[in-house]
Amino acid sequence: MRVIIKKNYDDCSIWVANYVADKINAAKPTAAKPFVIGLPTGSTPVGVYRELVKLCKAGAVSFENVVSFNMDEYVGLPHEHPCSYWHFMHDNFFNHIDIKPENINILDGMAADLSKECADYEQKIKNIGGIDLFLGGIGENGHIAFNEPGTSLSSRTRIKRLTKETREANARFFDGDLEQVPRLALTVGVGTIMDAREILIMASGRHKAEALRQTVEGGVSHMCTASVLQMHQYAAIVCDDDAAGEFSSRIVDYFKDIEYSELDFD
Ligand code: PGA
């Protein structure tokens, strides 16, 4: 696993946005062979989306031949609900770039048959040939997507019950009212994320430091689902100094030392 440590949130966002743009450009995607990206919601990726919008508007990257799959969605919120992830993605990103609406995939938390919705999503990812780059955040409890502690590390897209701590963390998007935060979500599984050819997880702030420490320095455990990244050949964490605050100094020194190396990814 690679850990890239930047000074602050803005530096992380700029680094990740440029990395994504470079990956898309290097792939030279076409309609027949698109670049397939997995995308997160939450506070963490807002800066990356802002920077990617700038790059797209400046002509430095195009999303015309990019297909996206979002990580998760609340159960029971319609698209137009301001807290739905559908709404978040369009508001923060899709409405401002040249991605084709038919290339956007977001789980439908209002589907009549939620299990079928999840199975179809997995099939769609498989049919397109898998995900090239999965971007993600990390929860304070170490979750990736909504794969809460105790989740099978082989899990696939399915319905998941959210922990109270995740609902409390997300209540800020619902006027601070915990009761409004849905109890269920549809989420890609840990196995779905691990199938991506590359994974890039972003983290910012002191409140993420313990989860990051467990992810990087702890053992692989379903109690910190992000720790499974240790088993992926091309996984990286991009974090700021605050989120790196619980790493041991030798880890920080090592990763800062190899930051500009093309080697040592895995
Ligand atoms: P955040 O959420 O970006 O809003 O902190 C990340 C997550 O819970 O995965």
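As shown above, the structure is provided for reference.
A brief look at the structure comes next.

What counts, and where the lines are drawn
- Residues numbered from 1 in each chain as written.
- Predicted model: local features only at pLDDT ≥ 70, side-chain atom pairs only at ≥ 80, totals over all residues.
- Heavy atoms only, no water.
- Near = heavy atom within 4 Å.
- Polar contact = N/O pair within 3.5 Å; in protein donor to acceptor, adjacent residues only side chain to side chain.
- Areas by Shrake-Rupley, 256 points an atom, 1.4 Å probe, with all protein chains shown as cover.
- Nonpolar A, V, L, I, M, F, W, Y, C, P; charged D, E, K, R; others polar.
- Buried < 20%, exposed > 50% of the residue type's maximum accessible area, 1.4 Å probe, protein only.
- Helix = DSSP H or I, 4+ residues; strand = E, 2+ residues; numbered from the N terminus.
- Pairing = 2+ DSSP bridges.
- Right-handed = clockwise from strand over helix to strand, strands pointing away.

On to the site of the ligand. As a structural note, the neighbourhood of the ligand is formed by G42, S43, T44, G137, I138, G139, H143, R172 and K208. Here an oxygen atom of the ligand and a side-chain polar atom of T44 are 2.4 Å apart. One nitrogen or oxygen atom from the side chain of K208 is found 2.6 Å from an oxygen atom belonging to the ligand. Burial of the ligand by the surrounding chains reaches 84%, relative to a free accessible area of 280 Å². Across the shell around the ligand, the residue classes tally to 1 nonpolar, 6 polar and 2 charged.

With that out of the way, let us pick up the pairing of strand 2 (residues 35–39). Looking along a regular strand, one sees side chains alternate from face to face of the sheet. The buried fraction of strand 2 amounts to 5 of the 5 residues, a majority that puts the element mostly inside the structure. Summarising the sheet, strand 2 and strand 3 (residues 66–70) pair through 5 bridges and their orientation is parallel. Looking at the pairing, I37 lines up with S68 of strand 3. Remark: the strand 2/helix 2 (residues 46–57)/strand 3 crossover connection has right-handed handedness. Relative to strand 6 (residues 133–136), strand 2 runs parallel, the two being bridged by 2 bridges. Bridge pairing in strand 6 places G38 opposite F134.

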